[in-house]
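Coordinate inspection notes
The chain contents come next:
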Amino acid sequence: MKVYFDNAATTPLRKEVISAMTEVMSSCFGNPSSNHSFGRTAKSYLETARKGIAKLIGAEPQEIIFTSGGTESDNMILHCAVKDLGVKTIITSPIEHHAILHSIEALQHNKKINIQFIKVNEKGVINKSHLASLLQADNSKKLLTLMHVNNEIGNTIDLQEIGQMCHENNALFHTDAVQGVCHYTYNLASLPLDFLSAAAHKFHGPKGIGFSFVRKNSGLQPFIYGGSQERGLRAGTESIHNIVGMYTALQIGYQNLVVEQNYIEGLKVYFIEQIKLLFPKVHFNGNSDSMHHATYTLVNVSLPISKEKAQLLDFHLDLKGIACSKGSACQSGSTSGSHVLNCIQKGEISEWPSLRFSFSIFNTRKEIDYLVSVLKDFLD
Ligand SMILES: Cc1ncc(COP(=O)(O)O)c(C=O)c1O
């Protein structure tokens, strides 16, 4: 049996997405910048997707800039905010994705910007009074970047509240919503945020495509130089089949959001019940056992297993066809471990093996039963 519980890493494509992409690849190869009918057809796919995506998240079409995915979107926003908007201080948390953390390290090194990290507690929850004091600290131009949904522990933040804090303090606000878009609704017309990053492969779309939401009149200048595509911000011939695939995935995801959310939430609840029965001392990392303070799509657990056995756990799961993600603080095979777990785990638990299980509509309870039986056999 093959079981895929690593949907936070990437998701399988919906069949409708594959059909839409195949149709574009076979019938529409024109360059959207060309002035003839082939180009116009491609352009019409491109702009229909842009309009449709914008509508689904309450944005305006001109505010959607297609990119190659989450990493590029994050890089683009952070680099351009420093380059074009005079940002001198970036405030963030130590548990962001490396697309953020490594970008701002580079900016600190190359552009001498100031980085401030918000304190987080042992559940991975940011300290809001510390954030307030960092936002008020001095008169430098600031940008706050905080992910909407943490990819390792699932913690969510209140974008409305945090965005409000930024705007009251005249700071720009970017959210990496790579794990949030198509899992939650967004109305960007009213949310107090300036920039957002998204990637299609996290919501049953293709890899290598995503978008940045850039609030209109932001003042951003080109990130990739070349032609005039994407309003000159991100030059390069657009990947029409990927963009159409992303739009299709987003459309279907949002059409079915409530039903699918309930279904996946049911899987998470069942998983938590079963894992607690098997390991009464199981530790849930971050807020990942919560439905209100973490996403319904993932659970990150540390299991009370001896060190010797723990070393064989990944291998055993893989052998049995189960794919999940190793998220341990520091285990053999990984030199530094997870920066997120290293930041929040204390004492004995940091010695236990940690695993992230992330679910999608293509998973079933039967698969959870299989996982539990495989873990039971492993313990015996
Ligand atoms: C929160 C978050 N940000 C950024 C990324 C990077 O996105 P991509 O793989 O599309 O470059 C990921 C992917 O794992 C992610 O989970």
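Residues numbered from 1 in each chain as written. Predicted model: local features only at pLDDT ≥ 70, side-chain atom pairs only at ≥ 80, totals over all residues. Heavy atoms only, no water.

1. Description of the overall build of the protein chain
Of regular secondary structure, the protein chain possesses 11 helices and 13 strands. Relative to the globule expectation of 21 Å for 380 residues, the C-alpha radius of gyration of the protein chain, 21 Å, shows essentially globular dimensions. C-alpha extents for the protein chain along the principal axes are approximately 70 × 55 × 35 Å. Classification of the 380 residues of the protein chain by burial places 56% in the buried group. Within the protein chain, contacts between residues separated by at least 24 positions form 72% of all contacts whose residues are at least 6 apart in sequence. Of the roughly 16400 Å² of accessible surface on the protein chain, a fraction of 53% belongs to carbon and sulfur atoms. (Helix = DSSP H or I, 4+ residues; strand = E, 2+ residues; numbered from the N terminus. Rg over C-alpha atoms; globule rule 2.2 N^0.38 Å. Buried < 20%, exposed > 50% of the residue type's maximum accessible area, 1.4 Å probe, protein only. Contact = heavy atoms within 4.5 Å. Areas by Shrake-Rupley, 256 points an atom, 1.4 Å probe, with all protein chains shown as cover.)

2. Topic: the site of the ligand
Inspection of the region around the ligand gives 13 residues, with Gly-70, Thr-71, Asp-176, Gln-179 and Lys-202 positioned closest. Within the contact set of the ligand, an oxygen atom lies 2.9 Å away from a backbone nitrogen or oxygen of Gly-70. A distance of 2.8 Å is found between an oxygen atom of the ligand and a side-chain nitrogen or oxygen belonging to Gln-179. In isolation the ligand has 400 Å² of accessible area, and contact with the protein removes 84% of it. At 3 residues, the largest contribution of residues to the shell around the ligand is made by helix α3 (residues 70–85). Broken down by class, the residue content of the shell around the ligand amounts to 3 nonpolar, 7 polar and 3 charged. (Near = heavy atom within 4 Å. Polar contact = N/O pair within 3.5 Å; in protein donor to acceptor, adjacent residues only side chain to side chain. Nonpolar A, V, L, I, M, F, W, Y, C, P; charged D, E, K, R; others polar.)

3. Brief notes about the packing of helix α5 (residues 128–136) against helix α6 (residues 159–168)
Angle between the axes and distance between the axes: these two values describe a pair of packed helices. Running from N to C, α5 and α6 cross one another at 25°; their axes reach a closest spacing of 10 Å. One finds that α5 runs roughly parallel with respect to α6. Between α5 and α6 the crossing geometry is right-handed. Residues Lys-128, Leu-131, Ala-132 and Leu-135 of α5 form the contact with α6, whose participating residues are Glu-161, Ile-162, Met-165 and Cys-166. Its residues assigned to classes, the contact of α5 with α6 comprises 6 nonpolar, no polar and 2 charged. (Axes fitted to C-alpha atoms, helices over the stretch in contact; angles between N-to-C directions. Parallel < 35°, antiparallel > 145°, perpendicular 65-115°, else oblique. Left-handed = near helix turned anticlockwise from the far one by under 90°.)

4. Looking at the sheet that holds strand β12 (residues 325–326)
Across the sheet, 4 strands lie side by side as β9-β10-β13-β12; this open sheet has antiparallel pairing. For this open sheet the edge positions go to β9 (283–284) and β12, each flanked by a neighbour on one side alone. Here β9 pairs with strand β10 (residues 298–302) via 2 bridges, running antiparallel. Directly across from Phe-284, in β10, lies its bridge partner Val-301. Packed onto the sheet, helix α8 (residues 257–278) meets β9, β10 and β13 (354–358) and runs at close to 15° relative to β10. (Pairing = 2+ DSSP bridges.)

5. Quick look at the pattern of salt bridges
Taken as a whole, this structure holds 13 salt bridges when the rule is applied. A salt bridge links Lys-307 to Glu-351; the shortest N-O distance between them is 3.1 Å. Residue Lys-307 is found in helix α9 (residues 307–319), and its partner Glu-351 is found in the loop between α10 (339–344) and β13; the two are separated by 44 residues along the sequence. Lys-307 gets classed as exposed once you look at its relative accessible area, which sits at 52%. The partly exposed category is assigned to Glu-351, whose relative accessible area is 46%. Connected through shared salt-bridge partners, Lys-43, Glu-47, Arg-50 and Glu-230 make up one network. (Salt bridge = Lys/Arg side-chain N within 4 Å of Asp/Glu carboxyl O.)

6. Details of the layout of surface pockets
In this structure, the largest pocket encloses a volume near 310 Å³. As for the largest pocket, its lining consists of 18 residues, of which Val-125, Ile-126, Thr-156, Ile-157 and Asp-158 are closest to the centre. The residue inventory of the lining of the largest pocket, partitioned by class, reads 7 nonpolar, 7 polar and 4 charged. (1 Å grid on protein atoms, 1.4 Å probe; cavity = no way out; pocket = protein on both sides within 12 Å on 5 of 7 lines; lining within 4 Å. Points joined across faces, edges and corners; volume = space filled by probe spheres on them.)

7. A word on the nonpolar core
Core analysis: the largest hydrophobic core is formed by 94 residues, its most contacted members being Val-181, Tyr-186, Leu-196, Phe-211 and Phe-271. Counting contributing residues, this core receives three or more from each of domain 1 (3–11 + 257–379) and domain 2 (15–255). Apart from residues no more than four positions distant in its own chain, Phe-211 is found in contact with Ile-53, Ile-57, Ile-64, Ile-65, Phe-66, Thr-67, Ser-73, Val-181, Leu-196, Ser-197, Ala-198 and Met-246. Of all hydrophobic cores here, the second largest spans 21 residues; its members include Ile-65, Met-76, Leu-78 and Val-82. (Core = buried A, V, L, I, M, F, W, Y, C linked by side-chain atoms within 4.5 Å. Domains from an automatic or database assignment.)

8. Re helix α7 (residues 240–255)
For α7, spanning 16 residues, the distance from its first C-alpha to its last is 22 Å, which sits close to the expected 22 Å at 1.5 Å a residue. With 13 of 16 residues buried, α7 lies mostly within the body of the structure. (Expected span 1.5 Å × (residues − 1).)

9. Points about the packing of α9 against helix α11 (residues 365–379)
For the pair α9 and α11, the least separation of the axes is 11 Å and the interaxial angle reads 140°. Along this stretch, α9 crosses α11, giving a crossing that reads as right-handed. Contacts from Lys-309, Leu-312, Leu-313, His-316 and Leu-317 of α9 reach α11 at Leu-371, Val-374, Leu-375, Phe-378 and Leu-379. Taken together, the residues of the contact of α9 with α11 break down into 8 nonpolar, 1 polar and 1 charged.

10. Digging into the sheet that holds strand β7 (residues 195–199)
Strand order in this open sheet of 7 strands is β2-β8-β7-β6-β5-β3-β4, and the pairing throughout is mixed. Each edge of the sheet is formed by a strand with only one pairing partner; in this case those strands are β2 (64–67) and β4 (114–117). Strand-to-strand twist of the sheet, defined as the mean angle between neighbouring strand axes without regard to direction, takes the value 20°. Bridge count for strand β6 (residues 172–176) against β7 is 3 bridges, and the pairing is parallel. Bridge pairing in β7 links Thr-175 to Leu-196. Where α3 meets the sheet, it contacts β2, β3 (89–92), β5 (142–145), β6, β7 and β8 (210–214), and its direction lies at approximately 160° from that of β7.

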